[in-house]
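# Summary of structural features
Now for the letters of each chain:
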Amino acid sequence: MDVDTRLLRSFNAVAEEGSLTRAAGRLFVSQPALTKQIRQLETQLGVELFTRSRTGMALTEPGRVLAERVPGLLADWGRILRETKGAVGRAGRVLRIGFLASAANEATPDIVGEFARRRPGWRAEMRQAAWSDPTAGLAGGEADVALLRLPFPGQDALRVEVLFTEPRCVALPDAHPLARRELIPFRDLWDEPFVAAPPETGRWRDYWLAADERDGHPVRIGAVTDLPDDWLSAIANGYGIALAPASSARFYARPGVTYRPVSGLTPSRVGVAWDPCEDTNPVVQDFVRCCLERGRAS
């Protein structure tokens, strides 16, 4: 029988949290999606893993047996996956750097340049990820280290250093009535349709919708996109507006899209992240030091 490790990770989170709500928040997925995954695993195994009640999710006897084994299994599989995929890069003296959108903004060339000076013969390979993977390849072993927007799924299990913060702004169609304002209070955007990341990104998507900063006001979704070009097209074509880092006005300027400052929002954070197993990898640690020195100085 083949079981998707994603289902085992979902089971492990629910077993440890004892609550679908808390586990969904930890995994950055929606509660209905998590419920579906648990049911799928139970169907594959042919056993009931949890007893559901108003107070939470209690493990059954088969569930307790599985819960004892799964953490070690996942840790071993994660290590094997990272070592296997990382071997290709090490053999070719390539450091795989995952990133989202504009990475570390203007500091990125300085970081990569400093790494090249510290590690002659090594190449920093920048790998841009879609928004459906906010870990930019770290979770699946496709990246050795990543430049990310915080928060992101699985952040608690990784090493993360914050490099800098920047304000969030709003991207609007040029013809939008609010596009003429110099500063827009976030409250004035509550009833607007938003262009959002895919639902499976969970709390990462919620952060860029500022779902926790609306005083309970519901979010309207006008379109869902996974890539910057599609995101810009949806905004320019009037399907919705979107929150973005202030640097997007520099890196993602496009006819038909206007960026405006927004008040009443917490700032965005940019960090460098890596798996704890890379703590003893001198190449990864050299890159982290370059990020800390060049990124924080920008």
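Below: a short report on this structure. (Residues numbered from 1 in each chain as written. Predicted model: local features only at pLDDT ≥ 70, side-chain atom pairs only at ≥ 80, totals over all residues. Heavy atoms only, no water.)

### Points about the overall build of the protein
The condition is simple: Numbering of helices and strands runs from the N terminus, with a helix taken as a DSSP run of H or I at least four residues long and a strand as a DSSP run of E at least two residues long. To get the radius of gyration, use the C-alpha atoms; to get the globule rule, take the number of residues to the power 0.38 and multiply by 2.2 Å. Each residue is placed in one exposure class: buried if its accessible area under a 1.4 Å probe, protein chains only, is under 20% of its type's maximum, exposed if it is over 50%, and partly exposed if it falls in between. Calculation of accessible area relied on Shrake-Rupley with a 1.4 Å probe; when residues are assessed, cover is drawn exclusively from the protein chains displayed.
Looking only at helices and strands, the protein features nine helices and 13 strands. A compact globule built from 298 residues should have a C-alpha radius of gyration of about 19 Å, and the protein, at 21 Å, falls within 12% of that. Projecting the C-alpha coordinates of the protein onto the three principal axes gives extents of approximately 60 × 55 × 25 Å. Here the protein, with 298 residues, has 49% of them falling under the buried criterion. On the protein, roughly 14,500 Å² of surface is accessible, and the fraction owed to carbon and sulfur atoms is 52%.

### Some words on the packing of aromatic side chains
Note the cut-off: Stacked, edge-to-face and tilted are the three classes for Phe, Tyr and Trp ring pairs, Trp counted by its six-membered ring, which pair at centre distances within 6.5 Å; planes under 30 degrees apart are stacked, over 60 edge-to-face, the rest tilted. Only Lys NZ and Arg CZ are tested; either one counts as a charge over a ring when it is within 6 Å of the ring centre and within 35 degrees of the ring normal.
If you walk through the whole model with that rule in mind, you get five aromatic pairs. When the ring of Phe115 is compared with that of Phe287, the centres are 5.9 Å apart and the planes differ by 75°; the resulting orientation is edge-to-face. Highlighted residues: Phe115 in helix H5 (residues 107-118) and Phe287 in helix H9 (residues 282-295), separated in sequence by 172 residues. No difference in accessibility class separates Phe115 from Phe287, as the two residues are buried. The ring of Tyr207 carries Arg168 above its face, with NZ or CZ at 4.0 Å from the centroid.

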